[in-house]
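Coordinate inspection notes
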Amino acid sequence: MDMRPIGVFDSGLGGLTAVQVLRRILPEESLVYFGDTARVPYGGRSRETLLKYARQDLAFLRSQDLKAVLIACGTVSTTSLGALQAENDLPIVGVVEPTCQRAAEVTRNRRVGLIATLASVRSGAYEAALHRLDPAVEVLCKPCPLFVPLVENGRFRRGDVVIETVAREYLTPLLAQGIDTLILGCTHYPLLEELIADICGPGVTLVSASEESAFAFKRLLNAQGLRAPEGRQGDASFFVSDQAEDFKRIASIFLQEDLQHVAGRVDIDGY
Ligand code: DGL
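Residues numbered from 1 in each chain as written. Predicted model: local features only at pLDDT ≥ 70, side-chain atom pairs only at ≥ 80, totals over all residues. Heavy atoms only, no water.

Description of the packing of helix α1 (residues 16-25) against helix α11 (residues 247-255)
For the pair α1 and α11, interaxial distance at closest approach is 8 Å and the crossing angle is 65°. Seen along the crossing, α1 lies across α11 with a hand that is right-handed. Counting all contacts with α1, which are made through Leu16, Thr17, Val19 and Gln20, the residues of α11 involved are Phe247, Ala251, Phe254 and Leu255. Partitioned by chemical class, the residues of the contact of α1 with α11 number 6 nonpolar, 2 polar and no charged. (Axes fitted to C-alpha atoms, helices over the stretch in contact; angles between N-to-C directions. Helix = DSSP H or I, 4+ residues; strand = E, 2+ residues; numbered from the N terminus. Left-handed = near helix turned anticlockwise from the far one by under 90°. Contact = heavy atoms within 4.5 Å. Nonpolar A, V, L, I, M, F, W, Y, C, P; charged D, E, K, R; others polar.)

Here it is in structure tokens:
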């Protein structure tokens, strides 16, 4: 049993899609969320910059007394997970491994599509993880650099001609290559799930990094005896690195609940 909160971070608010799952499957856990809204998007940045940002994000979270951290960011997970795990003495979970495990389980024809940020695709981390699980899997990758800024600007709904046009352009080449499974390798993408499912059709199974990493995080807490006692209601605190005024409205969309919390502002350069 461990009553300390869990920590979750992302480049922006996309990681809240993982928080939404965590709050459903681990309602008794308290959590601290940090979104680096001053520096989002991360997806086009270099490895060095991403590691610097990731270290600062984690250093802020570690200023709270946490028991474990979920990196609810594909871009940080694909580029910086190993370094962060080596440098820190608390359990840290990334999104890549659990997402690939699920994709390897569900694919029938072993043609798996991956959509993610440019940095994630360049890292090759998803491909490497899938090939460790099943060397015969063919991984077809498509970086989607316009998705994060569009989602952060509220352009993710079905019927929105801008996001639909962009999504069709990104997905058509993957579909033409016969994928039967598509990894949503960035935690902003669950907001696009309905739209992506419409474009892909019923023959393609979507695998969400947000969902799979949240389930993996629960397994880790169980395995290490870190769960809070059942029956209690955990609380949540939210922090961002840019203005916090719009947080409640935008976070409510990502969390699919009417959030009443106010976010704290963090000067992330100080970490
Ligand atoms: N949610 C982040 C991810 O999963 C978005 C990265 C970005 O800011 O570009 O990769």
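What follows picks up the thread again.
Some details on the site of the ligand
For the ligand, the set of nearby residues contains 14 residues, the closest of which are Ser11, Tyr42, Gly43, Gly74 and Thr75. In the model, an oxygen atom of the ligand is placed 2.7 Å from a nitrogen or oxygen of the Tyr42 main chain. Gly74 places a main-chain nitrogen or oxygen 2.6 Å from an oxygen atom of the ligand. In isolation the ligand offers 300 Å² of accessible surface; the protein chains occlude 99% of this area. (Near = heavy atom within 4 Å. Polar contact = N/O pair within 3.5 Å; in protein donor to acceptor, adjacent residues only side chain to side chain. Areas by Shrake-Rupley, 256 points an atom, 1.4 Å probe, with all protein chains shown as cover.)

Some thoughts on helix α2 (residues 47-62)
Over its 16 residues, α2 runs 22 Å from end to end, which matches the ideal 22 Å to within 8%, given 1.5 Å per residue. Of all the positions in α2, only Leu50, Leu51, Tyr53, Ala54, Gln56, Asp57, Leu58, Phe60 and Leu61 are classed as buried. (Expected span 1.5 Å × (residues − 1). Buried < 20%, exposed > 50% of the residue type's maximum accessible area, 1.4 Å probe, protein only.)

Remarks on the environment of Arg111
Relative to the assigned elements, Arg111 resides in strand β5 (residues 111-116). In this structure, the C-alpha to C-alpha distance between Arg111 and Arg23, residues 88 residues apart in sequence, is 32 Å. Those residues within four positions of Arg111 in sequence are excluded, and the remaining contacts are Glu138, Leu140, Gln177, Gly178, Ile179, Asp180 and Thr181. Of note is the side chain of Arg111, whose polar atom sits 3.0 Å from the side chain of Glu138. A polar side-chain atom of Arg111 sits 2.6 Å from the main-chain carbonyl oxygen of Gln177.

Considering the pairing of strand β9 (residues 236-240)
Burial analysis of β9 places 4 of its 5 residues in the buried class, which makes it a mostly covered element. In this structure, β9 lies alongside strand β10 (residues 264-265), joined through 2 bridges in parallel fashion. What sits directly across from Phe239, in β10, is Gly264. On the question of chirality, the crossover connecting β9 to the parallel β10 by way of α11 is right-handed. (Pairing = 2+ DSSP bridges. Right-handed = clockwise from strand over helix to strand, strands pointing away.)

Considerations on the side chain of Thr117
Position of Thr117 relative to the elements: it lies in the loop between β5 and α5 (118-123). In this structure the side chain of Thr117 is engaged in a polar contact, spanning 2.9 Å, whose partner is the side chain of Thr75. With residues up to four places along the chain from it excluded, the contact list for Thr117 reads Gly43, Thr75, Pro143, Val148, Cys186 and Tyr189.

Section: unusual backbone geometry
Between Val40 and Pro41 the backbone carries a cis peptide bond, its omega angle lying at 0°. Mapped onto the elements, Pro41 comes out in the loop between β2 (31-35) and α2. Look at Arg110: it is not a glycine, yet its phi comes out positive at around 60°. On the basis of relative accessibility, which here comes to 40%, the residue Arg110 falls in the partly exposed class. You will see that Gln256, though not glycine, has its phi angle at about 55°, which is positive.

Digging into helix α9 (residues 193-200)
Listing the buried residues of α9 in full gives Leu195, Ile196, Ile199 and Cys200. The buried side chains of α9 occupy one side of the element, clustering within an arc of 125° when seen end-on. Buried residues along α9 sit in contact with β5, α8 (161-176), β7 (181-184) and β8 (205-208). Positive backbone phi, at 80°, marks Gly201, one or two positions downstream of α9. (Arc of directions from axis to C-beta.)

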